[in-house]
Amino acid sequence: QGVECHGRVYCLKDYRQQLGPTCKACSLPCGSSKDSVQALDSWWHRRCFTCQKCHKSFPDKSFYVFEQMPYCKYDYHKLNGSLCVACQEPIEGPCAQVYEGRFHPGCFACYECGQPLRNVYYNLNGRFLCEQHIH
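What counts and how
- Residues numbered from 1 in each chain as written.
- Predicted model: local features only at pLDDT ≥ 70, side-chain atom pairs only at ≥ 80, totals over all residues.
- Heavy atoms only, no water.
- Phe/Tyr/Trp six-rings, centres within 6.5 Å; stacked < 30°, edge-to-face > 60°.
- Core = buried A, V, L, I, M, F, W, Y, C linked by side-chain atoms within 4.5 Å.
- Buried < 20%, exposed > 50% of the residue type's maximum accessible area, 1.4 Å probe, protein only.
- Contact = heavy atoms within 4.5 Å.
- Salt bridge = Lys/Arg side-chain N within 4 Å of Asp/Glu carboxyl O.
- Helix = DSSP H or I, 4+ residues; strand = E, 2+ residues; numbered from the N terminus.

Peer 1: How should I be thinking about the packing of aromatic side chains in this particular structure?
Peer 2: Given two aromatic rings, one states the distance between the centres and the angle between the planes to describe the pair. Summed over the entire model, instances satisfying the criterion amount to twelve aromatic pairs. Here the aromatic cluster, defined as three or more aromatic residues joined through ring pairs, consists of Trp-44, Phe-49, Phe-58 and Phe-63.

Peer 1: What am I meant to see in the nonpolar core here?
Peer 2: When a protein is soluble and globular, its nonpolar side chains tend to lie buried together. Of all hydrophobic cores here, the largest spans 13 residues; its most connected members are Cys-23, Trp-44, Phe-49, Cys-51 and Tyr-71. Filtering out sequence-adjacent residues up to four positions away, Cys-23 remains in contact with Leu-28, Cys-30, Trp-43, Trp-44, His-45 and Cys-48.

Peer 1: Is there a simple way to explain the pattern of salt bridges in this structure?
Peer 2: Pairs can form between side chains of opposite charge once their charged atoms are near each other. For the structure shown, the criterion picks out one salt bridge. In this structure, the salt-bridge partner of Lys-73 is Glu-92, at a minimum N-O distance of 3.8 Å. Taken together, the residues Lys-73 in helix H2 (residues 73–80) and Glu-92 in the loop between H2 and strand S7 (96–98) connect sequence positions 19 residues apart. Using a relative accessible area of 41% as the deciding quantity, one classes Lys-73 as partly exposed.

Peer 1: I keep staring at the side chain of Ser-42 and nothing clicks. Help me out?
Peer 2: By the element assignment, Ser-42 lies in strand S4 (residues 42–45). The class for Ser-42 is buried, based on a relative accessible area of 15%. Apart from the residues within four sequence positions on either side, Ser-42 is in contact with Lys-24 and Val-37.

The structure is reproduced here in structure tokens:
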């Protein structure tokens, strides 16, 4: 079985090595389709299709896209500036955005009583306080 390209016939192995798709991560030929994956309009070796920051694989096959490259949840949110300032975990859904950064609503709380802060808060040496505990 051969593959015709530019008027020439190649065996499948030579076609993939010489003219076939190359891996977006390492730029080497992708080889067999069982060893490669097509995602984000590109071809990747399965071993290369990992988070572009920490290089962990995507065991559940889900990933996040930042500037057309795949990332794990944590690194995507770090690049996107959407990690909670208090717990350093990704924020998906509602968040409290204040001058000091983004927080999960439950993480943006009074240092003394733990009550979530809503409209008025005070920052005393990096500790957030409600009106009751500022005095």
